[in-house]
Amino acid sequence: MQHDLTLHNSELLRTRNFIAGTWRAAAGGATLPVTDPANQRLIAEVPDSSADDAQQAADAAYAAFPAWRATPAKARAQVIKRWLALILANQDDLGRLISREQGKPLAEGRAEVLYAASYVEWFAEEAVRICGDVIAPPVVGRQMFAIKEPVGVVAVITPWNFPAAMIARKIAPALAAGCSVLAKPAEDTPLTALALVHLAEQAGLPAGVLNIICASRAQTPAVVDAWLADGRVRKISFTGSTPVGKHLARESAATLKKLSLELGGNAPFIVFDDADLDAAVQGLMAAKFRNGGQTCVCPNRVYVQAGVFEAFADKLAAQVGALRVGPATEADAQIGPMINERAVHKILRHIDDAVAQGAKVLVGGHRVREELGPNYIAPTVLAGATKAAALCAEETFGPVVPLFRFEQEDEVLRDANDTPFGLAAYFYSQDVRRIARVASALECGIVGINEGAVAAEAAPFGGVKESGYGREGSRHGLEDYMHIKYLCQGGLA
Ligand SMILES: NC(=O)c1ccc[n+]([C@@H]2O[C@H](COP(=O)([O-])OP(=O)(O)OC[C@H]3O[C@@H](n4cnc5c(N)ncnc54)[C@H](O)[C@@H]3O)[C@@H](O)[C@H]2O)c1
Ligand SMILES: O=C[C@H](O)CS(=O)(=O)O
């Protein structure tokens, strides 16, 4: 059953699983609703899959892998390029689909399509540059080679905050490497992923090479656990929360699967007293309020050196207070609804906890636009939060900026690194020696130096510590979908 989502290309609204080249309902016939976070209205219903569906998908992917692996890299690249062309040709519809099911402003939805497409383009090009080594033999009569081979069947599990980009930056390298794919998108935002798979089918991807099944939060463990227990599934590529990432790491040990884990963050954003304050404010606005703060790399703690604290706080509060909150249907909306009530409750808990411990609300701090629904939070700046505040240890994943004052560099580096997470960090300084020291001292995978917008397909994206391991994008992104085989040929003396 579908509701009022009109697309230029109506074929993009898919409400079935895609297994072995056919669109089908869940084996048990169950469905789950996909609702618009802007107003809680039903958009469509998709299959609520079970372990049976997971098994069927794994059968299909395993059967399709040998032929796809044997397909010349150039031919694989051509299919991926056709997929790219179809994604770009459907940018408007895909952008609207993203905004509708995830809630982000339409401009951000359209931009995400281009971001997703940039990964597809990157790995279409990388596919034909997979090279190995010819090794100088240490003894006479021997030839030695190191070749790269696809790992096999890959399960990709993705979050709701970037419904197109997160799945594209997994499927594209997997296909480029010659792997076959099992995809399980987030229960809140399956429609974009289903549309992308439809376009991959249109691009001529052979049946069984790419399979996608949807599942509710309740059914997802059964689906993914079936893949975890299946020895034919040789890799899990996961983007999501650290607790789920740890679960996948534990459960994949039984069959020693290769893992890529892009997990939670708790990014510090540091403003030193020698920073360009206007640039720092702009950088923070870009990093923090993209997708309403619902990104894994957005600043979660903002440290400002004492000498510039008041000036920075004033500049920031003025900009944050001017942000417009509303649904994607409002052209001037800059901050959309949060994804669901659970997310809203966490954000409000963080604000209330910080205030209870002495923080002052400079702007925001409450729900807004409640006539539209319960998921709208006012962009918020807090000053004077303590280290004991929940928002210091936990990822808020919303439009909340807690400002912390600091005196010395060594003090702020200690605080910045005082977290089990290590995904992204940002700092603003114009002192070249400080830039070198701080960039080296920060414990994370991504550092923005006088820059708040770090995402790019050419960059290795990933974290350290409990933000996971593996890298997505860049020339490193393909390695996670391949292994190296050493060939030693003797008898040539
Ligand atoms: N590092 C990154 O690139 C990155 C990107 C986006 C989001 N994230 C992180 O993801 C989190 C927010 O996304 P989320 O709420 O969708 O995360 P989540 O971990 O709840 O869900 C992510 C995916 O895992 C699935 N899942 C949930 N429970 C599972 C289980 N027991 N077994 C198998 N799969 C399960 C979900 O259905 C979803 O598809 C945040 O922590 C954010 O930092 C990280
Ligand atoms: O939320 C996580 C995304 O990976 C952030 S980004 O779009 O890659 O910067």
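Cut-offs used in this document
- Residues numbered from 1 in each chain as written.
- Chains lettered and ligands numbered in written order.
- Predicted model: local features only at pLDDT ≥ 70, side-chain atom pairs only at ≥ 80, totals over all residues.
- Heavy atoms only, no water.
- UniProt positions renumbered as here; feature names shortened; annotations may be inferred.
- Helix = DSSP H or I, 4+ residues; strand = E, 2+ residues; numbered from the N terminus.
- Phe/Tyr/Trp six-rings, centres within 6.5 Å; stacked < 30°, edge-to-face > 60°.
- Lys NZ or Arg CZ within 6 Å of the ring centre and 35° of its normal.
- Contact = heavy atoms within 4.5 Å.
- Salt bridge = Lys/Arg side-chain N within 4 Å of Asp/Glu carboxyl O.
- Buried < 20%, exposed > 50% of the residue type's maximum accessible area, 1.4 Å probe, protein only.

## Some thoughts on the UniProt feature "domain: Aldehyde dehydrogenase" (unreviewed entry) in the protein chain
Here's step 1: Following the UniProt record, the feature "domain: Aldehyde dehydrogenase" (unreviewed entry) maps to residues 23-486 here.
Here's step 2: Split by type, residues 23-486 is 39% helix and 21% strand. Its first and last C-alpha atoms lie 40 Å apart.

## Focus: the packing of aromatic side chains
Here's step 1: In the structure shown here, the tally under the stated rule is 8 aromatic pairs.
Here's step 2: Between F272 and F427, the aromatic rings sit 6.4 Å apart at their centres with planes inclined by 85 degrees, giving edge-to-face as the arrangement. Of the two residues, F272 sits in the loop between β12 (267-271) and α9 (277-289) while F427 sits in strand β18 (residues 424-428), which places them 155 residues apart along the sequence.
Here's step 3: The positively charged end of K104 is found above the aromatic ring belonging to F162, 4.0 Å away from the centroid.
Here's step 4: Directly above the aromatic system of F309 lies the positively charged group of R405, at a separation of 4.3 Å from the ring centroid.

## As for the environment of I167
Here's step 1: You can see I167 is positioned in helix α5 (residues 165-177).
Here's step 2: For the pair I167 and K184, spaced 17 residues apart in sequence, the C-alpha to C-alpha distance is 9.1 Å.
Here's step 3: Not counting the four nearest positions on each side in its chain, I167 is found in contact with V156, T158, A183, A193 and L196.

## Here's the deal with the pattern of salt bridges
Here's step 1: Counted by the stated rule, this structure contains 28 salt bridges.
Here's step 2: Here E472 ties to R169 by a salt bridge, and the two come within 2.8 Å at their closest N and O atoms. Placement of the pair is E472 in the loop between β21 (468-469) and β22 (482-489) and R169 in helix α5, with a sequence separation of 303 residues. Neither residue differs from the other here; E472 and R169 are each classed as buried.
Here's step 3: Residues E310 and R405 are paired through a salt bridge, measuring 2.6 Å at the closest nitrogen-oxygen approach. Of this pair, E310 sits in helix α10 (residues 309-321) while R405 sits in strand β16 (residues 400-406), and the two are 95 residues apart along the sequence.
Here's step 4: Taking the relative accessible area as the measure of exposure, E310 reaches 43% and is therefore partly exposed.
Here's step 5: The exposure class of R405 is partly exposed, given its relative accessible area of 41%.
Here's step 6: If you follow the salt bridges from partner to partner, you end up with D273, D274, E409, R434 and R437 in one network.

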